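As a plain string of letters, each chain reads:
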Amino acid sequence: MSLYESTVFAQGRFLTYDEARVGLLTHGLNYGTGCFEGIRGYWNADERELHLVLLREHFERLHTSARILLMHIPHSVDELMEIATELCARNRYEENVYIRPLVYKNAEDVGVRLTGVDDAFAIATIPFKHYYDASAGLKACVSSWRRIDDTMAPVRAKITGGYINAALAKSEAQMNGFDEAILLSSDGHVAEGSAANLFLVKRGKLFTPDPTQNVLEGITRRAVLTLAQDELGIEVVERALDRSELYAADELFFTGTAAGLVFVNSVDHRPVGDGRLGPVTRALRELYERIVLGRETKYRSWLTPTYAGRRVSAA
Ligand code: PMP
């Protein structure tokens, strides 16, 4: 099935991707006045089930983003969860997927603002392989671009227009031969990657910037903090981090819905530890990967099944 034939949810109903058109003058497209989510579904071939990961948390964050942007989503979190699973079932996926809910200002006229402009809501889905080719780890650099400050645009909301910041940083990193950028905040502390949160391990403790460091409050970040504490018994510290702490780290890794847990092998040409996947990152990554496939009974509540109990089956 091509993307254009796939089923999406738009204008309050299920349509094909091709039918759900957006006009050239749409506010969201011209001014970046939208907010969105990125959600993953993992296909478990043994169970013949597509597990959607932390679906409620993503739709709660979407509601928060919309509230910050004075936008209205015409569906509750529970309704959104139902629509998303129905959508995946209608597309009869038997592979990993990425789900992209989007709320945007949809008037087709000129004049940037948030008030007095109607909102639209849509969800599209797409088969998903790997965000990074990262078995050997990522070469990261500290970006010359600073992470947008919360005094400039709300960093807690996942705002479409805000991603120009990520795009500039990521492109600069790649054009300079790196895989990923690490953005500092405007006061010079470590913020995050272009679309992922950042963790470091030092003397067996896990550190990550606290939520006041202009980071997106990542859902994978929260999951990893929980797993580190509850399952690995590791002390976790959320605080401002300096650039040189990146160079001194024993292990460094990114977390994100798309990225999963991916280790960084060097920062600004300095190897992280011995440049290989470290034990804490490995343990967290293996646990996270088992959880998203539904292989950890204790964490089945993090997953929403697509096909279980549904009339449309994957077969
Ligand atoms: N920071 C930014 C800027 C992001 O775009 C993302 C991806 N959503 C993340 C962090 C990681 O967040 P999550 O774990 O919720 O995907």
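Here the structure is a predicted model, which is why all the values come from computation and not from measurement.

## Digging into the nonpolar core
Line of reasoning, step 1. Leu50, Phe59, Phe121 and Ile123 are the most contacted members of the largest nonpolar core, which totals 30 residues.
Line of reasoning, step 2. Breaking this core down by element, the ones donating at least two residues are β4 (39-44), β5 (49-53), α2 (55-68), α3 (77-90), β6 (97-105) and β7 (119-127).
Line of reasoning, step 3. With 8 residues, the top contributor of residues to this core is α3.
Line of reasoning, step 4. Not counting the four nearest positions on each side in its chain, Ile123 is found in contact with Val8, Phe9, Phe59, Ile83, Ala84, Leu87, Ile99, Arg100 and Pro101.
Line of reasoning, step 5. Judged by nonpolar contacts, the second largest core, of 27 residues, contains Tyr42, Phe263, Tyr288 and Trp302.

## Structural notes on the domain arrangement of the protein
Line of reasoning, step 1. Splitting the protein by domain gives domain 1 (3-129) and domain 2 (138-296).
Line of reasoning, step 2. Using only C-alpha atoms to locate each centre, domain 1 and domain 2 end up separated by 25 Å.
Line of reasoning, step 3. Contact with domain 1, which involves 26 residues of that partner, is made by 20 residues of domain 2.
Line of reasoning, step 4. Between domain 1 and domain 2, a total of about 1800 Å² is buried, with carbon and sulfur atoms accounting for 65% of that surface.
Line of reasoning, step 5. Its largest share of buried area at the contact with domain 2, domain 1 owes to Phe36, Tyr42 and Arg61, together 32% of the area lost on that side.
Line of reasoning, step 6. Put simply, domain 1 and domain 2 have 1 salt bridge between them.
Line of reasoning, step 7. Among the salt bridges present, the one from Asp46 reaches Arg295, with a minimum N-O distance of 3.5 Å.
Line of reasoning, step 8. Among the secondary structure elements, those contributing two or more residues to the side of domain 1 that touches domain 2 are β3 (34-36), β4, β5, α2 and β6.
Line of reasoning, step 9. Split by residue class, the side of domain 1 that touches domain 2 holds 12 nonpolar, 8 polar and 6 charged.

## Describing the state of the cysteines
Line of reasoning, step 1. The final tally for this structure, using the stated rule, is 0 disulfides.
Line of reasoning, step 2. Not engaged in a disulfide, the cysteine Cys35 finds its nearest cysteine sulfur in Cys88; these two sulfurs lie 19 Å apart.
Line of reasoning, step 3. Given a relative accessible area of 0%, Cys35 falls into the buried group.

## Some points on a nonpolar patch on the surface
Line of reasoning, step 1. Taken together, the side chains of Leu25, Tyr31, Val110 and Val112 make up a nonpolar region of the molecular surface, amounting to roughly 390 Å² of accessible area.
Line of reasoning, step 2. Considering the arrangement of structural elements, one finds Leu25 in the loop between β2 (13-16) and α1 (27-31).
Line of reasoning, step 3. By relative accessible area, which is 44% here, Leu25 ends up partly exposed.

## Quick look at the environment of Gln229
Line of reasoning, step 1. Its place among the elements puts Gln229 in helix α5 (residues 219-230).
Line of reasoning, step 2. Along the chain, Gln229 and Leu206 lie 23 residues apart, while their C-alpha atoms are 9.4 Å from each other.
Line of reasoning, step 3. With residues near it in sequence (within four places) discarded, Gln229 still touches Ile234 and Val236.

## Points about α5
Line of reasoning, step 1. In a regular helix each residue adds 1.5 Å, so 12 residues correspond to 16 Å; α5 covers 16 Å between its end C-alpha atoms and thus fits that length.
Line of reasoning, step 2. For α5, every residue scored as buried is listed here: Ile219, Thr220, Arg221, Ala223, Val224, Leu225, Leu227 and Ala228.

## Topic: the pairing of strand β12 (residues 205-208)
Side-chain positions along a regular strand alternate between the two faces of the sheet.
Line of reasoning, step 1. Here strand β11 (residues 197-202) pairs with β12 via 3 bridges, running antiparallel. Paired with Leu200 across the strands is Phe207, a residue of β12.
Line of reasoning, step 2. Where β12 lies against strand β13 (residues 236-238), 3 bridges are found, and the strand directions are parallel. If you follow Thr208 over to β13, its bridge partner there is Glu238.
Line of reasoning, step 3. The parallel pair β12 and β13, bridged by α5, forms a crossover whose chirality is right-handed.

## Description of the packing of α2 against α3
Line of reasoning, step 1. Closest axis-to-axis distance for the α2/α3 pair is 9 Å, and the angle between their directions is 120 degrees. By the angle class used here, α2 and α3 are oblique. Remark: the crossing between α2 and α3 carries right-handed chirality. Of the residues in α3, those touching α2 at Leu55, Arg56, Phe59, Glu60 and His63 are Val77, Asp78, Leu80, Met81, Ala84 and Thr85.
Line of reasoning, step 2. Per-class residue counts for the contact of α2 with α3 are 6 nonpolar, 2 polar and 3 charged.

## Observations concerning the packing of aromatic side chains
Line of reasoning, step 1. Summed over the entire model, instances satisfying the criterion amount to 9 aromatic pairs.
Line of reasoning, step 2. An angle of 25 degrees between the planes, with centres 5.2 Å apart, marks the rings of Tyr98 and Phe128 as stacked. Of this pair, Tyr98 sits in strand β6 while Phe128 is found in the loop between β7 and β8 (138-142), placing the two residues 30 residues apart along the sequence. Each member of the pair, Tyr98 together with Phe128, is buried.
Line of reasoning, step 3. By way of ring pairs, the aromatic residues Phe9, Phe14 and Phe121 are connected into one cluster.
Line of reasoning, step 4. Of note, Arg90 hangs over the ring of Phe14, and the distance from its end group to the ring centre comes to 4.0 Å.
Line of reasoning, step 5. Lys139 extends its terminal NZ or CZ atom over the ring of Phe178, reaching a point 6.0 Å from the ring centre.

Conventions used here
- Residues numbered from 1 in each chain as written.
- Predicted model: local features only at pLDDT ≥ 70, side-chain atom pairs only at ≥ 80, totals over all residues.
- Heavy atoms only, no water.
- Core = buried A, V, L, I, M, F, W, Y, C linked by side-chain atoms within 4.5 Å.
- Buried < 20%, exposed > 50% of the residue type's maximum accessible area, 1.4 Å probe, protein only.
- Helix = DSSP H or I, 4+ residues; strand = E, 2+ residues; numbered from the N terminus.
- Contact = heavy atoms within 4.5 Å.
- Domains from an automatic or database assignment.
- Buried area = accessible area lost by both parts, 1.4 Å probe.
- Salt bridge = Lys/Arg side-chain N within 4 Å of Asp/Glu carboxyl O.
- Nonpolar A, V, L, I, M, F, W, Y, C, P; charged D, E, K, R; others polar.
- Disulfide = S-S within 2.5 Å.
- Patch = residues over 30% accessible without salt bridge, like charges linked within 9 Å, V, L, I, M, F, W, Y side chains within 5 Å.
- Areas by Shrake-Rupley, 256 points an atom, 1.4 Å probe, with all protein chains shown as cover.
- Expected span 1.5 Å × (residues − 1).
- Pairing = 2+ DSSP bridges.
- Right-handed = clockwise from strand over helix to strand, strands pointing away.
- Axes fitted to C-alpha atoms, helices over the stretch in contact; angles between N-to-C directions.
- Parallel < 35°, antiparallel > 145°, perpendicular 65-115°, else oblique.
- Left-handed = near helix turned anticlockwise from the far one by under 90°.
- Phe/Tyr/Trp six-rings, centres within 6.5 Å; stacked < 30°, edge-to-face > 60°.
- Lys NZ or Arg CZ within 6 Å of the ring centre and 35° of its normal.

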